[in-house]
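Overview (structure and organization)
Each chain, written out:
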Amino acid sequence: MAKEYLLGTDIGTQGTKTIMVDLKGKVVASAFSEYDVIKPRPSWAEQWPDVWVKAAFDTIKETVQKANVKPSEIAGIALSGLYGGSGVPVDKDMNPIRPCLIWMDRRATDEVQWVKENVDKDKIFEITGNYVDSYYGFTKMMWIRNKEPDNWKKIYQFITPKDYVIYKLTGENATDLSSAGNIGGIFDIKKRNWSEEMCKILGIPISVLPKRIVKSADIVGKISKESSKLCGLLEGTPVVAGGIDAPVASLSAGVLEEKSHVAMIGTSICWGVVHKGQHLSPKLVSFPYVAYDEEMVYTFGGAATAGGIVRWFRDQFGGKEREVERELNISAYRLLDEQAEDVLPGSEGILLLPYFMGERSPIWDPDARGTMIGLTLYHTKKHIYKAILEGVAYSLRHNIEAGLESGLELADECIVVGGATRSRLWMKIFSDVTGYPIKTITQDVEAPYGDALLAGVGTGVLDSYKRIKDWVRFDKVIYPDERAKGIYDRYFVEYKKAYESLKETMKALSKIGSIKM
Amino acid sequence: MLSIGIDLGTSGVKLIILDENGNVLFKTGEPFSVSNPHPGWSEQDPDDWYRGVKKVLHRASEYLRNDVERVKAIGLSGQMHGAVLIDREGNVIRPAILWNDTRSYEERNWIMERVGIEDMLRMVQNLPLEGFTLPKLLWVKRNESKNYEKIWKVLLPKDYINFKLTGRIETEVSDASGTAYFDVLKQKWSDELLSILSLSSDILPEVLQSTDVVATILPSVAEELNLPQDCIVVAGGADNACAALGSGVTEEGMTMCSIGSSGTLLSPTPGFKRDEKGRLHFFSHAKRGMNYNMGVVLSAGMSLNWFVHNALRSFDYKGDVYELLNELASNVPVGSEGLLFYPYLNGERTPHMNAKIRGGFIGLSLRHTLGNMARSIMEGVTFALRDSLEIMKEINIAPSEVILVGGGEKSKLWSHIVADVFSLPVKTLKNNEGAALGAAILAGVGGGIWQNLEEGIDRSVKVDRIIEPDRSNAERYNEYYDLFVRTFLSLRPSLEELFDIRMQT
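Residues numbered from 1 in each chain as written. Chains lettered and ligands numbered in written order. Predicted model: local features only at pLDDT ≥ 70, side-chain atom pairs only at ≥ 80, totals over all residues. Heavy atoms only, no water.

Side note on the pairing of strand β1 (residues 2-8) of chain B
The two faces of the sheet receive side chains in turn, since in a regular strand these alternate between them. Residue and element names in this part refer to chain B. To be explicit about the condition: For each residue, the accessible area found with a 1.4 Å probe, counting protein chains only, is set against the maximum for its type, and the residue is called buried under 20%, exposed over 50%, and partly exposed in between. Segments assigned H or I by DSSP are reported as helices when at least four residues long, segments assigned E as strands when at least two residues long, and all are numbered from the N terminus. Being paired, for any two strands, means DSSP has found at least two bridges between them.
With seven of seven residues buried, β1 lies mostly within the body of the structure. Here β1 shows a buried face lined by Leu 2, Ile 4, Ile 6 and Leu 8 and a second buried face lined by Ser 3, Gly 5 and Asp 7. With seven bridges connecting them, β1 and strand β5 (residues 71-78) associate as parallel partners. Opposite Asp 7, over in β5, you have Ser 77 as the bridge partner. Hairpin remark: β1 followed by strand β2 (residues 12-19), antiparallel, with three residues in the connecting loop.

Re the pattern of salt bridges
In plain terms, the rule: Salt bridges are defined as contacts in which a side-chain nitrogen from Lys or Arg sits within 4 Å of a carboxyl oxygen from Asp or Glu.
Scanning all chains against the criterion turns up 76 salt bridges over all chains. Lys496(A) is the salt-bridge partner of Glu401(A), the closest N and O atoms lying 3.1 Å from each other. Linking Glu401(A) in helix α14 (residues 381-405) with Lys496(A) in helix α18 (residues 482-513), this pair joins segments that are 95 residues apart in sequence. For Lys496(A), a relative accessible area of 28% puts it in the partly exposed group. Between Glu107(B) and Arg142(B) there is a salt bridge, and its shortest N-O distance comes to 3.8 Å.

Overview of the confidence of the model for chain B
Heads up, the rule is: Per residue, pLDDT captures the predictor's confidence, and it can take any value from 0 to 100.
For chain B, mean pLDDT is 95; residues scoring 70 or higher make up 99% of the total. Both scores are given for the predicted complex: the pTM is 0.88, the ipTM 0.90.

Notes on the sheet that holds strand β1 (residues 5-11) of chain A
Residues and elements named next belong to chain A. Convention followed: Whenever a helix is involved, its axis is fitted only over the stretch in contact; in every case the axis is a line through C-alpha atoms, and angles between N-to-C directions fall within 0 to 180 degrees. Contacts between residues were defined by any pair of non-hydrogen atoms, one from each residue, lying within 4.5 Å.
Judged by pairing direction, the sheet is mixed, and its six strands sit side by side in the order β3-β2-β1-β5-β14-β13 without closing on themselves. The open sheet is flanked by β3 (27-34) and β13 (219-222), the only strands paired with a single partner. Adjacent strand axes in the sheet meet at a mean angle of 20 degrees, parallel and antiparallel pairs treated alike. The sheet contact formed by β1 and strand β5 (residues 74-81) spans seven bridges and is parallel. Within β5, the residue paired with Leu 7 across the bridge is Ile 77. Its contacts with the sheet place helix α6 (residues 161-170) against β1, β5, β13 and β14 (238-240), and it is angled at close to 150 degrees to β5. Running over the sheet, helix α16 (residues 447-459) touches β1, β2 (15-22), β3, β5, β13 and β14 and is turned about 135 degrees from β1.

Right, dumping it as structure tokens:
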């Protein structure tokens, strides 16, 4: 039987999506499963891995059923995933000991402080290509070691979310270069392997890290007999490693060359650019890219919350919109967009700092907090909503600015992928705020599409990464409006200033706000 | 024997009938609309007021039927500061420019430059805010000179009603205090200031005390409204003074905290104790010989209303949204889990005296819900009121308890927040009729029902609940309040900049 179809599964922060494509890149079927993050305290964010396993198995099964193709026609599957922070701490039997502290979690502030005081900044940057922040997984491992010694004793290894799912599918335990590199701190970006030296300095035994590190297009293992029943794939179907969702999403947008930059805007923003390793910056995050893994580096920056805030707003303020959504099947987001359409740039004086979950680059401040200022009796829901969309766009501009400052060269257009592209209003705002023409992709796919490509390359049914160029179709480019850009330039100055003047207050609020009464 | 108290507010007029034992027998109200012909403008037609007053008085006499003969006196409490311009025939020249109208900011700045802060405080003990009568009068002089030339008298809102009821032109000390051309200490118009600004004192009415009798009601009015021919009208008072009176707050050491649309903290003093920097208003009380210091938070309950009507627009909830928010907010810990709210949704009076500053939330997290936001609004408004309390502490008129009125006291949660943020016991009242009750007490004293205000208060003002502050909450709030104050200093330039950008783009 000819192998005509490929599967890609992306395990996201708030949902998992699986798609099936044919060898020409046509999407045959897809399935999505939504879930939420556990947030026991402000700035904490964790997840039990079984949520991911179930969503992955369910969506794979549903996709295969919907596609109505024979499982024997499926060449293989690859999986990408959210950045799992610490990874899932498992015991010898590969059972989770506690929830995984995901990328969004910012609790490891003491550990970051310790690293800043005890580890030479140049050394850690020289070896790993990254500096330190509670975003990075190695600080979260240290947190578990310091704050939960009983759990620490039981830990056999830390497994990233998608690698945990791959283990459940195949029984094989491995990770890929992008996932390993993203942990930061303990990964040698030049040798493309764990750094024994840094492991010693940071007190993380190398034994808790997966021994087998593969390339994103490598086959990790095959669907096992047990998992076959649960996910609907044939036993023996190859499972390809995949990688971190952001670079896989870049790949899905056809990024194979230097200077191409892509903003993946979903729950958070990952804005990244591909280069040959010459533009590392301690303000940004760098790890091996998911294609040409041995040569290319993916350097990215990103807001900790983007769509996360929009969703928060919908859940808190959009009761009516959600009801209309249920009754008429029109997305609540679209209804909110329509209301905000006629609001002038700058939301008539409201400025939002989107640090609702602390912030990653370029300010790297886990204590940063969301701020909404300039409110008057005149303002209504639509102004607040638009101010949120704008605030997130300022954070993208802030990162692009940091990238340019560190010497990165950027293409003239910015490609945007992710859930946010469904909002043309938001894309227009991104373009007006950043001044870059925005290119979006016609297929509503992103990371799973890149996974499907990796599955094809890994199993050999596709001859080259370059096939992605034939697959991708772009929408009409959105160009910035000069007048709006001029207004946003002024607000952006205030955006940066407001953070500087509020940063001490945010720190104090994060401290007293987290004490349980 | 009965007295009638009428509160002439901005959103409507309210009337109560009070008997000699302090019981409220009847109450009724009639709404008003406000016209906003331009951003920042706020006007009402004084004849709409009078029509509203006649309606509620008519209802009162209908309710009383034969008992109407027992009505001895009518007293009015009124919205302050508004400029009612009338010509020689006693006709209104143009719509009244209200207290919340901010068109006169240029005139305000001009006065500040021309006269200076020090001299303003020396001559009238207050700074000339846009909201006060003086800048409004100068605005008319500069922008509508024809109207200005027609002016025979400038009255305050309730004084226009007194004029319609009795035919007499007068005002009284508590309302005169809000003009910014009344010398509160000397209890007379400031000739010095008027001459500096080239304003004639001929256009100003005679100034009475609040309990003084203006006159007997005009026979034609008595007939039209079916009121007794010998019913008198007392001078009445400014709404804040009357609200304080209706809460029994007339002596030094007592403090009223009112959380209505706006919020006030008001503390009487027999003498001259006041803030030398002019951060608090210093006005005459409705009780002879007493003055009071007052701080004003422009958007108090209004902030919560804004949240419900604007931010949560078309929020779908079958029950009472305010009750829901109160319930949600009650489950949120003190400090709203690290969330601060600034209630400057319309600029702020005390202590900033700044029309450019704006409101905001600081400290938002994805974990926060509507309950956190609702609670932080209540806390932010209360912190803003505490700014006034702190100034009172500075000038040694710190209260040992506060009487909470205005509507905020209906929320159990908000009452507790006030007690905890102020670290003071909070009392709420049974007969919570506010300014209308104060006006009825003034009428009762002027009409001879009671010997003096003390007797009227004693009969009609009763404490309902006493809420003691919780010490550990109070300590926690001290930390938050400290942040609230310090953060504003770093935030202010951003707020002013945003105001300018909005105006320019």
